[in-house]
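The lines below spell out each chain.
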Amino acid sequence: MSETTATPSVAQFYRLFTSQAVLGESVGIQHYAQMIPLARTNRERLHLLEDAWRERAHLLSMQEVAKRAGVVVAEPKTDPYWSKVMAAFREKVAEADLLGLYVIQDIVLEAYAVVLYESLLPVLDDKSASAVTVIAADEREHLATGIRVLADAYSKDPEGTVERVNFANERVASVLAGWVKVEDCVPVCGVCGMVGGSCGKDDLRAAGVDVEQFQPAFAEVYGDALREAGLPPESVMRWLARLLA
Amino acid sequence: MKPTVAWLGHLASPLEYQVALAALRGPDLPVPALDKVAALVERLSPMPACTTEVPSLTGSSVHGVYIDAFLLIDGRDGMSLRAALRKVRAACAAAARAGAKVGALGGFTSIVGERSSADLSAEFGLPFTTGNTLTAACLAAQVESVADASARVVLVGGAGDVGSGVARILHARGYRPVLVGRRPQPLAALAEELPGVSIATWEEAAPTADVAVLVASTGPGGIDVSAVPHTTPILDAGHPPNASPGHPMTATAGRVAFALPERGGLPEFISSGCDEGEHHACMVEGAVLGLEGWFEPYSQGRGLIRPDRAAKLLDAAARHGMTPGPLRYRRDMAAEAD
């Protein structure tokens, strides 16, 4: 697509995409901000602050995309998917479990963000695609940080690290994988309660997004990250199996 | 720990993937519907599924990783060669990334590689073996275990890599097999190379076979064996099985039995389509190469299997406690089950 056009379906797609992206980036800001007090060194604190700042830049960039597309970003007070993700994150904050927070934010959420942004690239207008390309590259950097942290943790405490991934897989990754499930919302979505894809999947499909590829792509990026961190392939397969189909 | 061997393979059907997925998910989650599983597998990228340590009778062992290529080869769900090659390449790349020293292509991953004319070893800087030399050696040994050189051995898929290898090995041992295949030109070339070897259609050869060896790349049950006499052993090396169901003397063949613990430490994933305690010879070839430190594309496909190389590999495998599996006929297995 070379230029954003104002047909109702395109506008609906941009409204959905930018709203979800802004919501996700806003969650990212909140998450990194909650991690800062738990940082062990000033260097780590500054790094997390910078991560939050970059998420802010992404949010502003997505608002620009929405503005160019002539759509208003929806700001829901509660979202059935993100609420669950944030609740899981809060639990780990309450436990002051910084590693658990890294796994949720830098591994699971960033893997998800990378997949969503990169999946949308082919159907975006040129300016939006440029903005999203920059954001996706940033998210890949966050993911790389997560991999480094996870690898270090796994080499020191394999059992404790696996426990953290178990938690993040069950409480966060499975929720995200649920959102990208294709048939999950027929007749009524078991998570958001909306009928027949009215949560937006149909709009994505109508815009030419390969919705069916979301889940396998998420499994690939998320699984690669876990294996790169040194987690055993058999454990990774079990985690992925719990998200798929 | 980096793997020495990377096994690249796939399960035999969407149903096997469904069973594996259900087992991996655990009992608290529902079993996904078969059509959903098939759609998912088609879209999944190859990935390392598990690591393993294969022990040898010599006391050494080899560390390896199994990479599932997520190839669907069922007739109905089968994917195009182009899509399959994309997956095979991705699986090869995963093997190279894992740091393996030799890759073993199992099942259709080797067939796809061979049909594509791609040189995977050169492309990924990692020697890949099709594993077909050990498969052919095992099959020839299994034929020898049930029939002497005077027997009329019918080789279905005789022009293929494994089939031509079996023909050469048996011919060197005095057998004069009958070749059956879809491609007349390579069949004729092989018959010319091996004096006394003849060519026939399956319809002609089936009723008079003393032993039938099925090594064709068909979908499940792709070869109708109803005309084969009920006393004739059918050695089915297909994965999925080539033989149509119902023949009492059909046995899974081209598999290896381990002298050491069950399946020699190789995981369930790799044993798809094998009888208990056995494993696909093509995958075992990878383990033997790893144990021996032979980091080379020992089997390169395209009809290059030679009797001396097959004998060398079979000997090496035996040193490690890996020998051609005993033939278990459906008739006997059914009787045991009763």
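Sequence order sets the numbering: in each chain, residues are counted from 1 along the sequence as written. Chains carry letters and ligands carry numbers; both start at the beginning, A for chains and 1 for ligands, and go up in the order they are written. Local features in this predicted model are restricted to residues of pLDDT 70 or higher, and side-chain atom pairs are both shown and tallied only at a pLDDT of 80 or more, whereas totals for entire chains, interfaces and linings draw on every residue. The side-chain values count all of the structure's non-hydrogen atoms but skip hydrogen atoms and water molecules.

Asks: Honestly, the overall build of chain B in this entry has me stumped. Any pointers?
Replies: Under the scheme used here, helices are H or I runs from DSSP no shorter than 4 residues and strands are E runs no shorter than 2 residues, and both carry numbers assigned from the N terminus. Assigned secondary structure in chain B consists of 12 helices and 14 strands. Its C-alpha atoms give chain B a radius of gyration of 19 Å, within 12% of the compact-globule value 20 Å for 338 residues. Along the first, second and third principal axes, the C-alpha set of chain B runs to 55 × 40 × 40 Å. Each residue gets one of three labels from its accessible area relative to the maximum for its type: buried under 20%, exposed over 50%, partly exposed in between, using a 1.4 Å probe on protein chains only. Per-residue burial for chain B yields a buried fraction of 60% across its 338 residues. When checking whether two residues touch, look at their non-hydrogen atoms; a contact exists if any pair is within 4.5 Å. Taking as baseline every contact in chain B between residues at least 6 positions apart, the subset at least 24 positions apart corresponds to 66%. The positive count covers Lys and Arg only, the negative count covers Asp and Glu only, and His and the chain ends enter neither. By convention, the charge on Lys lies at NZ, on Arg at CZ, on Asp at CG and on Glu at CD. Counting 28 positive and 34 negative side-chain charges, chain B places the averaged centre of each group 7 Å from the other. Values of the radius of gyration come from C-alpha atoms, whereas the globule rule sets the reference at 2.2 Å times the count of residues to the power 0.38.

Asks: Just to check I follow, could you spell out the sheet that holds strand 10 (residues 234-236) of chain B for this structure?
Replies: Backbone hydrogen bonds hold the strands of a sheet together, and the pairing may be parallel or antiparallel. Residues and elements named next belong to chain B. Across the sheet, which stays open at both edges, the six strands sit in the order 8-7-6-9-10-11 with parallel pairing between neighbours. Only two strands of the sheet have a single neighbouring strand rather than two, namely strand 8 (198-199) and strand 11 (250-252). Here strand 10 pairs with strand 11 via three bridges, running parallel. Paired with Asp236 across the bridge in strand 11 is Thr252. In this description, a line fitted to the C-alpha atoms serves as the axis of each element, helices being fitted only across the stretch in contact, and the angle between N-to-C directions of two axes falls anywhere from 0 to 180 degrees. Packing against the sheet, helix 8 (residues 184-193) makes contact with strand 7 (178-180) and strand 8, and its axis sits at approximately 165° to strand 7. One requirement defines pairing of two strands: DSSP has to find at least two bridges between them.

Asks: Before we go on, may I ask you to explain empty space enclosed by the protein in this structure?
Replies: Sizing a probe to match a water molecule and rolling it over the atoms shows the empty space that remains. Within this scheme a cavity is a closed region of a 1 Å grid, computed over the protein atoms alone, that accommodates a 1.4 Å probe without allowing it to escape, whereas a pocket is open but has protein on both sides within 12 Å along at least five of seven lines; lining residues each have an atom within 4 Å of a point. Grid points are joined across faces, edges and corners, and a volume is the space filled by probe spheres set on the points. Per the stated rule, a full pass over the model turns up two cavities of 30 Å³ or more. Space inside the largest cavity adds up to approximately 360 Å³. A:Gln20, A:Ala21, A:Trp82, A:Tyr112 and A:Leu116 are the residues nearest the centre of the largest cavity, which is lined by 24 residues in total. Elements with a minimum of two residues in the lining of the largest cavity: helix 1 (8-35), helix 3 (80-94), helix 4 (98-120) and helix 6 (158-179) of chain A. Take the lining of the largest cavity: its biggest share by element is eight residues, from helix 4 of chain A. Gly is put with the polar residues, along with every residue not named as nonpolar or charged; the nonpolar set is Ala, Val, Leu, Ile, Met, Phe, Trp, Tyr, Cys and Pro, and the charged set is Asp, Glu, Lys and Arg. Among the residues forming the lining of the largest cavity, the class breakdown is 15 nonpolar, four polar and five charged. In this structure, the second largest cavity occupies an estimated 180 Å³ of space. Lining the second largest cavity are 17 residues, and of these A:Met237, B:Tyr17, B:Leu21, B:Leu44 and B:Phe70 lie nearest its centre.

Asks: Sorry, what's going on with helix 10 (residues 281-292) of chain B here?
Replies: At 3.6 residues per turn, the α-helix brings residues three or four places apart onto the same side. Residue and element names in this part refer to chain B. Helix span, as expected, comes to 1.5 Å for every residue beyond the first. Under the 1.5 Å per step criterion, the end-to-end length of helix 10 is 16 Å for 12 residues, consistent within 8% with the ideal 16 Å. Most of helix 10 sits inside the fold, with 11 of its 12 residues counted as buried. Among the residues of helix 10, those classed as buried are Ala281, Cys282, Met283, Val284, Glu285, Gly286, Ala287, Val288, Leu289, Gly290 and Leu291. A positive backbone phi angle near 75° is found at Gly293, which sits one or two residues after helix 10.

Asks: Would you mind going over helix 7 (residues 161-172) of chain B with me for this structure?
Replies: Residues and elements named next belong to chain B. Here helix 7 spans 17 Å end to end across 12 residues, near enough to the 16 Å set by a 1.5 Å rise per residue. Summarising burial for helix 7: 11 of the 12 residues are buried, a large majority. When we look at burial in helix 7, the residues that qualify are Asp161, Val162, Gly163, Ser164, Gly165, Val166, Ala167, Arg168, Ile169, Leu170 and His171. Count one or two residues on from helix 7 and you reach Gly174, which has phi positive near 100°.

Asks: Teacher, can you tell me more about the packing of helix 4 of chain A against helix 6 of chain A here?
Replies: Helix packing geometry: the angle between the two helix axes and the distance between the axes. Residues and elements named next belong to chain A. The contact between helix 4 and helix 6 brings their axes to 9 Å, and the two run at 35°. Helix 6 is crossed by helix 4, and the crossing has right-handed handedness. Together, Leu99, Gly100, Val103, Ile104, Val108, Leu109 and Tyr112 of helix 4 and Thr161, Arg164, Val165, Phe167, Ala168, Val172, Ala173, Leu176 and Trp179 of helix 6 make up the contact between the two elements. Classifying every residue of the contact of helix 4 with helix 6 gives 13 nonpolar, two polar and one charged. It is the rotation of the near helix from the far one that decides the hand of a crossing: anticlockwise by less than a right angle makes it left-handed, clockwise makes it right-handed.

Asks: Help me out: how do you make sense of the side chain of A:Thr18 in this one?
Replies: Residue and element names in this part refer to chain A. When you line up the elements, Thr18 lands in helix 1. A relative accessible area of 0% means that Thr18 is categorised as buried. Polar contact is the term for a pair of N or O atoms within 3.5 Å; when the atoms are in protein, one must be able to donate a hydrogen and the other to accept it, and sequence-neighboring residues count only if both atoms are side-chain atoms. Of note is the side chain of Thr18, whose polar atom sits 2.6 Å from the backbone oxygen of Tyr14. Engagement of the side chain of Thr18 in a polar contact is seen with the backbone oxygen of Arg15, the distance being 3.4 Å.

Asks: Honestly, the sheet that holds strand 12 (residues 255-258) of chain B in this entry has me stumped. Any pointers?
Replies: Residues and elements named next belong to chain B. In space, the three strands of this open sheet follow the order 13-12-14, with antiparallel pairing throughout. Of all the strands in the sheet, just strand 13 (278-280) and strand 14 (322-324) have a single pairing partner and so form its edges. This sheet shows a mean twist of 40° between the axes of neighbouring strands, independent of strand direction. Across three bridges, strand 12 lies against strand 14 in antiparallel orientation. By the bridge assignment for strand 14, Val256 is matched with Pro324. In this fold helix 10 packs onto strand 12, strand 13 and strand 14, with an angle of close to 90° to the strand it touches most, strand 13.

Asks: Would you mind going over the layout of surface pockets with me for this structure?
Replies: By volume, the second largest pocket is sized at about 720 Å³. Contributing to the lining of the second largest pocket are 23 residues, with A:Arg227, A:Glu228, B:Pro48, B:Arg97 and B:Ala98 lying nearest its centre. Within the residue set of the lining of the second largest pocket, elements represented by two or more residues are helix 5 (126-156) and helix 8 (214-228) of chain A together with strand 2 (47-55), strand 3 (61-68) and helix 3 (81-98) of chain B. Take the lining of the second largest pocket: its biggest share by element is five residues, from helix 8 of chain A. Of the residues that constitute the lining of the second largest pocket, the class distribution is 14 nonpolar, three polar and six charged.

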